[in-house]
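Secondary and tertiary structure notes
Each chain is listed here by its residues.
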Amino acid sequence: MKKGVTFYFMRHGETYLNKYNRMQGWSDTPLTPRGRRDVMRSGAGLGDVKFDAVYCSDLRRTFETAQIILKENQHADHLKVVAMPEFREIFFGSFEGLDASETWGNLNKFLGSADGEPNYDAHRSVIEELNGLKEMDPYHEAEDYMTFWLRVERGLIKLISEHRDSERNILIVSHGMTIRNMIHAVIPDFSIDRHLDNASISVVRYEDGFYHLDLYNGTDHFVDDFTPGDEQEPEVHKVTPADKVKEDIK
C-alpha cells in the first residue's frame with residue numbers, strides 16, 4: 001500500500017485590505033467580521049477532519065484564521081499552530097497597500113499587454129510576472145520569483161521531511177498568491193490564472209515523490225448558517241440573514 005501525506009492549503013479569511021481591494025503582501029490587517037464569519041463556516045464544514053499538525057505564515061491574518069479553524073474542529077484539542085515565515089505572502093515592495101486593480105493593470109502593461117489584461121494565452125509564466133513586479137518597483141524591493149520560491153520551497157521541504165509517508169493530514173493556512181504559486185510549481189498542468197477565495201481549501205497529496213491535486217478552491221464544505229453554541233460570541237461573528245443561501249429566503 002502506498003503511503004504519503006495530504007496537505008490542506010487554506011487561504012486566510014477576508015481582511016480589510018482585501019475588502020478595500022488593496023495590495024497585501026507582508027503588510028497585515030485583521031480579518032473583517034465577514035472574514036471571521038466565513039472562516040468559522042469553513043471550519044465548521046471541516047470539523048470532522050482530523051488534522052495531525054497545523055501550520056501558518058507568521059502574519060496575523062493566517063494565525064487568526066488558523067485559531068478559528070481549530071476552535072471549530074472536533075479533534076484539535078491537542079494541536080497548536082506553528083507559525084512559519086516561509087509561508088508568507090509575496091512581498092510587493094513599494095506597491096504594498098496600493099489599489100490592486102491598478103497595480104496589476106500597470107504590471108500587465110509593463111509586460112507588454114496593450115489593454116492591461118494578463119496575457120496567459122501567450123504562456124506568460126509566474127516567473128515573468130514576479131520578476132516584472134520587482135523590476136517595475138521603483139525601489140526594486142518587491143520579491144522576484146527566485147527569492148520568493150526559495151523561501152517557500154524551504155518550508156515545503158521542512159514539512160515533507162517531517163511528515164513524509166506518515167498518512168497524516170496537515171493544515172497549512174497561507175495566502176492566495178503563495179498557495180497558487182506553490183501549486184503551480186508542483187502540479188505541471190495547473191493554470192496560474194485560477195484564483196482562490198478567502199477561507200477556501202485546496203488539497204494536495206504528496207505520494208512517491210509526486211504531488212497530486214485532489215481539490216482546488218473548495219468552498220462547498222462551508223456551512224450554510226452558523227449560530228454559536230453555549231459560548232457567547234461577538235455579534236459580528238454571527239451569520240446574518242443576508243448571508244444565508246437564496247433557497248432559505250422566501
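Above: the structure in question.
These notes cover the structure that comes with them. (Residues numbered from 1 in each chain as written. Predicted model: local features only at pLDDT ≥ 70, side-chain atom pairs only at ≥ 80, totals over all residues. Heavy atoms only, no water.)

1. Thoughts on the packing of aromatic side chains
Scanning the model with the defined rule gives seven aromatic pairs in all. Measuring from centroid to centroid gives 6.1 Å for F7 and F9, while their planes differ by 35°, and the two rings are tilted. For the pair formed by F7 and F9, the shared burial category is buried. Taken together, a centroid distance of 6.0 Å and an interplanar angle of 90° make the contact between F92 and W104 edge-to-face. In this pair, F92 sits in the loop between β3 (81–83) and α4 (100–110) while W104 sits in helix α4, placing the two residues twelve residues apart along the sequence. A relative accessible area of 3% places F92 in the buried class. The ring of W26 has R88 sitting right over it, with the charged end atom 4.7 Å from the ring centre. (Phe/Tyr/Trp six-rings, centres within 6.5 Å; stacked < 30°, edge-to-face > 60°. Buried < 20%, exposed > 50% of the residue type's maximum accessible area, 1.4 Å probe, protein only. Helix = DSSP H or I, 4+ residues; strand = E, 2+ residues; numbered from the N terminus. Lys NZ or Arg CZ within 6 Å of the ring centre and 35° of its normal.)

2. A closer look at the sheet that holds strand β4 (residues 169–174)
Strand order in the open sheet formed by six strands is β3-β2-β4-β1-β5-β6, with mixed pairing between adjacent strands. On the outer flanks of this sheet lie β3 and β6 (210–218), each paired with one strand and no other. Each neighbouring strand pair of the sheet contributes to a mean axis angle of 20°, computed without reference to strand direction. In this sheet, β4 lies alongside strand β1 (residues 4–11) in parallel orientation, the contact comprising six bridges. The residue bridging Y8 from the neighbouring strand is L171, located in β4. Against the sheet, helix α3 (residues 60–72) contacts β1, β2 (53–56), β3 and β4, and its axis sits at roughly 140° relative to β4. (Pairing = 2+ DSSP bridges. Axes fitted to C-alpha atoms, helices over the stretch in contact; angles between N-to-C directions. Contact = heavy atoms within 4.5 Å.)

3. Re the nonpolar core
Formed by 38 residues in total, the largest nonpolar core has its most connected members in F7, F9, F87 and M182. When residues of this core are traced back to their parent elements, those giving at least two are β1, β2, α4, α5 (126–136), α6 (145–163), β4, α7 (176–186) and β5 (201–207). Per-element tally for this core: the top contributor is α6, with seven residues. When residues no more than four places from it in sequence are discounted, the contact partners of F7 are L159, I160, I170, I172, S202, V203, V204 and Y206. Ranked by size, the runner-up nonpolar core spans 23 residues in total, among them A66, V81, L171 and V203. (Core = buried A, V, L, I, M, F, W, Y, C linked by side-chain atoms within 4.5 Å.)

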